[in-house]
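Take a look at the letters that make up each chain.
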Amino acid sequence: MQFYFSRICEATSALSKHPSPKVGAQAFEYWTTLVEDETERMSKGVMCMGYIRGCFENLLQMILQGISMVSFEEDDEDEDWGHALSAACCLQKLSIFIGNDIMDTVVGFAASNIQSADWKLRYSACISLGSITEGPDKQKFLDLMLSALPSLLSMFNDKNAKIREALSWVFHRICEHHPDFVSNKQVADEFIP
């Protein structure tokens, strides 16, 4: 693969923007598989070529762009497995592999879109935050969430059901990976109601 890696990067980058959600999703599936493979190799102490670390910044930008490509509509009952959901899955795996280095870029992306008039960008902001609950340093993530909590909780009043659903998923992920955060009295007093 090392001889073709730059061509693979170019091809998947182009395909990630393809108008067909099924084609775009496959570009992110490739990267998800590679991240999982490198994560497994690192955990077993097996030699790893370091493809992900070598292209991390470009890959992260491609993923965030993909998360913004929401292909379903506000009144659809189910989300189609397309660019956004496949990119979010890839971001989850990348977050576990990269750790803290993912925080600033993803938080910046979320902060710039969380108050957007476009519901798809608000949705993308929520999905990106929920995707990094596992991986970064626990305290760094919790500090971020504590400062963002009032804004996030106010989004439960969003008129768009997809936003409320995405926010519920974010808090589900927080409860799953950081139960001590939710049981903190300061947080619980705001969150439980």
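Positions within a chain are numbered from 1, following the residues in the order the chain's sequence is written. Totals for whole chains, interfaces and linings use all residues, but because this is a predicted model, local features are given only for residues with pLDDT of at least 70 and pairs of side-chain atoms are given and counted only at 80 or more. Side-chain metrics rest on all non-hydrogen atoms present in the structure, leaving aside hydrogens and water.

Draft legend 1. Layout of helix H4 (residues 56–67). Comment: elements are numbered from the N terminus, with helices defined as DSSP H or I runs of at least four residues and strands as E runs of at least two. One less than the number of residues in a helix, times 1.5 Å, gives the span that helix is expected to have. Counted at 1.5 Å a residue, the expected span for H4 with its 12 residues is 16 Å, and the 16 Å between its end C-alpha atoms agrees. Buried residues of H4: Phe-56, Leu-59, Leu-60, Met-62, Ile-63, Leu-64, Gly-66 and Ile-67, and no others. Note on exposure labels: buried denotes an accessible area under 20% of the residue type's maximum, exposed denotes more than 50%, and partly exposed covers the range between, all computed with a 1.4 Å probe on protein chains only.

Draft legend 2. Representation of the confidence of the model for the protein in the model. Confidence along the protein averages 89 in pLDDT terms, with 96% of residues attaining 70 or more. Predicted confidence in the protein is weakest over helix H11 (residues 185–191), with a mean pLDDT of 74, and strongest over H4, with 96. The predictor reports its confidence for every residue as pLDDT, a score running from 0 up to 100.

Draft legend 3. Up close: the packing of aromatic side chains. The criterion for an aromatic pair is that two Phe, Tyr or Trp rings (for Trp, the six-membered ring) have centres within 6.5 Å, with stacked assigned to planes under 30 degrees apart, edge-to-face to planes over 60 apart and tilted to the rest. The final tally for this structure, using the stated rule, is five aromatic pairs. A ring pair is formed by Phe-5 and Trp-31, whose centres lie 5.9 Å apart and whose planes are at 80°; its orientation type is edge-to-face. Here Phe-5 is found in helix H1 (residues 5–15), whereas its partner Trp-31 is found in helix H2 (residues 21–44), with 26 residues between them in sequence. The exposure class assigned to Phe-5 is buried, which follows from its relative accessible area of 13%. Taken together, a centroid distance of 6.3 Å and an interplanar angle of 75° make the contact between Trp-119 and Tyr-123 edge-to-face. Highlighted residues: Trp-119 and Tyr-123, both in helix H7 (residues 119–131), separated by four residues, approximately one helical turn. For Tyr-123, a relative accessible area of 4% translates into the label buried. Joined through ring pairs, the aromatic side chains of Phe-5, Tyr-30, Trp-31 and Tyr-51 make up one cluster.

Draft legend 4. The environment of Val-46, seen in detail. Position of Val-46 among the secondary structure elements: in the loop between H2 and helix H3 (51–54). Spatially, the C-alpha atom of Val-46 lies 23 Å from that of Leu-59, the residues being 13 residues apart in sequence.

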